[in-house]
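# Structure assessment
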Amino acid sequence: MAEETLKAAAASSEAPAAAAEVAVVVPEAEKVESAKAAETVVCEKDGPPEAEEEVKVEEEKEKISESASFKEESNVAGELPDPQKKALDELKQLVQEALNKHEFTAPPSPPPVKEEEKKTTEEVVEAVKDDSAQPLAEPAVECKEEVPAPMAEPSEPAEATQPPPAPAAEPAVECKEEEKTAPPPPAPAAEEPEPVKEVTEVVEKAETSCVDEDGAKKIEAIQETIVAVTEQSPPTVEETAATPPPPPEEVSIWGIPLLADERSDVVLLKFLRARDFKVKEAFAMLKSVVAWRKEFGIESLLDEDLGTEQDKVVYMHGVDKEGHPVCYNAYGEYQNKELYHETFSDDEKRTKFLRWRIQFLEKSIRKLDFSPDGICTIVQVNDLKNSPGPFKRELRQATNQALQLLQDNYPEFVAKQVFINVPWWYLAFYKMINPFFTQRTKSKFVFAGPSKTAETLFKYIAPELVPVQYGGLSREGEQEFTSGDSVTEEIIKPATKHTIEFPAPETCTLVWEARVVGYEITYGAEFVPAAEEGYTVIIQKSRKIAATTDEPVICGSFKCGEPGKVVLTFDNQTSKKKKVLYRSKTKVSSE
C-alpha cells in the first residue's frame, strides 16, 4: 500500500507498536505539500454509553470530524500545469538516455578515489618507473642487516661476542625477491606497429621483520610486487562504424514498460509528486526502486506460496464511491497469540511476513488501471480495535522494516487513510507527531472512534460495500442481496417512530433487509392489505435492537397472497438521531 504515515514513529524506538502497525499498510513515499489540502481535524473521543445518552440534541447536529477530502491530481499530461508538464518531459528524457546507455541494469560504478590515495599511487608509480630503469640482472632490493647483534651478557661465553658469519656462508634469514618480468621485445620494424599500450605499474610495499628467538629485530626487507595493467586501445573509426549500438534496454515496473505508452507517464508522475517535482531526485528514486525490485526478486515473489495466515488481517473488499479499491487492515487479529507467534516470533517469520506484505501489495497494484483517466491508487481502512499494545517489540521491528521498504519503493499509491475504532491514546499520539507530516499527507487522514466508525465509512464507501462488522450490509456467503443492490439511507429523529413501506403486488414474495446505525431502537414489521376489508398480518412483533445484539442485519420476507404493502416500524425512544439502511426486492412466485 509514506512518509505518509507515522514516519516519526518508525524513527523512534519508543513509538507505540500500534502506530508502527499502521505503517505496514501505507505504501507511500510522499513528500509533496499541497496548498489546497485542508488541515486534519481529529474526532473527539467517544464517551461511555451513559454519557452519550445525556448529550443534547443540538450536539448531534455536529458533523463527523474529518480531514478535507483529498483531491487527486490529473494524470493526463495535457491537463498538467506548465511547470509540471516541463518536469515530466525532462524526466522522460533522462529515462530515455538511461535506457539507451543501459544504466538501469549496469553494475554500480566503483567509488571515486580520494585525492590523498591518488597522490600516493602516483608517487609509487614514479618510484617503480625509476627502479625499472636499472639493469634487470641486479636485484631490486638488497637484504641488509639494519640492527646489529645484541651485546652478550657477561655470563655468556666469549664466542657470543664474535661478529656474525659473512652473508656468503649462511644468512640468518633468507629474503627472496620476486623477479621482475622483462617487457616483451619490440615488434620488427618491417611489421605494422601495434597500438601503443599504456602500462601502469602498481607497487605494493610491505615491511617484513626477521626476528630471532630472543626477539631481536635482525633484518627488514621490502618486497615489491609489480602488476602490469594494460589498457586496450580504443577501437578505430572503421570498427566503430561496423558495430551498431545496442538497442535500448527494456525496463518495466508494476507491469508497466517505461516510456512504452501513456501509462508510463502515470508511473513517472508518481515519482515526481513524491519528490515535489524535483526531476533529478525523482529520477534517482526511480533508479533506486528499479534496482531494489531486481535485488528483492519481485517477479519471482509473485509466484511464491506464502500461506494464507494473514488473509484475515489484510484483505481487499469492494471500492469506494470514487472507484478506488479498498484495503482493510484488521490489527485486532494479532490478539490471537498463535497467529502473533507464527508471524513475529523470530527473524525468519518476520521476513516471511514482510515478503507476504510486499507480495500482497504487488498483486493489488497489478489490478489497478494505469491509464491517464484510470484509478491507480488505493483507499486504506485501518481498524485499530483490539490492536496489540505499545510494548510488542517483535511487531514494532517488523512494521518499521516494512514501513521503510514501502515508503522508499511505493510512491503515491494511497488516496485516503481512514482510521476506525481509534482509541484515545492513539489520537494523543497522533497529535504529538502531527507536526512532522506535510499538509498533503494530513489531508489524506481521517479518524473515527468506535461509535463513529460506520458513519465515517459511509461518507467514503457505499453501505452495501462496507463489511458487516463495520456497520455495512456486505457479508460472505450466499445472500438474497448482492453488492449490486443499492441501499437507501434515512434518518430517524429522536423520540419518534419511523416507518418504511414496501409495495407488495399479488402472488409474490417480498424480501428485505435493514440495519440501524447506532442501535438502541425498537423494530417491528407487518403486512397491510390494499383492500379495506382485509386483515393486517403481523410479520415481526416489536422487539428491541440493542447495541450488544448479535444480529447486526435485520432480514425478513413475506409471501403475499393479495396486493398490499409491508410496513417496517422503527421506534427511536432515545434523544439521539439514528440512521437506518434498507433495501428490498420482489421475487415472483412460481405458483
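Keep in mind the model is a prediction, meaning the values are calculated, not measured. (Residues numbered from 1 in each chain as written. Predicted model: local features only at pLDDT ≥ 70, side-chain atom pairs only at ≥ 80, totals over all residues. Heavy atoms only, no water.)

Let us now look at the packing of helix α8 (residues 279-296) against helix α12 (residues 393-409). Axis separation between α8 and α12 bottoms out at 9 Å; the angle between their running directions is 130°. The angle between the axes of α8 and α12 places the two elements in the oblique class. Touching Met285, Val289, Trp292 and Phe296 of α8 are Leu405, Gln407, Asp408 and Asn409, all from α12. Taken together, the residues of the contact of α8 with α12 sort by class into 5 nonpolar, 2 polar and 1 charged. (Axes fitted to C-alpha atoms, helices over the stretch in contact; angles between N-to-C directions. Helix = DSSP H or I, 4+ residues; strand = E, 2+ residues; numbered from the N terminus. Parallel < 35°, antiparallel > 145°, perpendicular 65-115°, else oblique. Contact = heavy atoms within 4.5 Å. Nonpolar A, V, L, I, M, F, W, Y, C, P; charged D, E, K, R; others polar.)

Take unusual backbone geometry next. For Trp254, which is not glycine, the phi dihedral falls at a positive 55°. Along the chain, Trp254 turns up in the loop between β3 (252-253) and β4 (256-257). Its identity is not glycine, yet Leu259 carries a phi of approximately 65°, on the positive side. If you trace the backbone, Leu259 turns up in the loop between β4 and α7 (263-274).

Moving on: the pairing of strand β13 (residues 521-529). Summarising burial for β13: 7 of the 9 residues are buried, a large majority. Judged from the 6 bridges that link them, β13 and strand β14 (residues 537-545) form a sheet pairing that is antiparallel. Bridging from a neighbouring strand, Thr522 pairs with Lys544 of β14. Bridge count between β13 and strand β16 (residues 564-572): 8 bridges; the pairing is antiparallel. Each residue of the ladder has a partner; that of Glu526, found in β16, is Val567. (Buried < 20%, exposed > 50% of the residue type's maximum accessible area, 1.4 Å probe, protein only. Pairing = 2+ DSSP bridges.)

To continue, consider the sheet that holds strand β6 (residues 325-330). Through backbone hydrogen bonds, the strands of a sheet pair up, either in parallel or in antiparallel fashion. Here 5 strands make up an open sheet; going across it, the order is β5-β6-β7-β8-β9 and the pairing mixed. In the strand order of this sheet, the two ends are held by β5 (314-319) and β9 (445-447), each with one partner. Along the sheet, successive strands turn relative to each other by an average axial angle of 20°, direction set aside. Direction of pairing for β6 relative to strand β7 (residues 378-383): parallel, over a ladder of 5 bridges. Directly across from Ala330, in β7, lies its bridge partner Asp383. Across the face of the sheet, helix α15 (residues 453-460) comes into contact with β7, β8 (414-420) and β9 while running at roughly 165° to β8.

Of all hydrophobic cores here, the largest spans 70 residues; its most connected members are Val95, Phe104, Trp254, Phe271, Leu286, Phe370 and Tyr410. With 9 residues, the single largest contributor to this core is α8. Other than its neighbours up to four places away in sequence, Trp254 contacts Val267, Phe271, Arg293, Glu362, Ile365, Arg366, Phe370, Asn409, Tyr410, Pro411 and Phe413. Listed in part, the 24 residues of the second largest apolar core include Tyr315, Tyr328, Val379 and Ala454. (Core = buried A, V, L, I, M, F, W, Y, C linked by side-chain atoms within 4.5 Å.)

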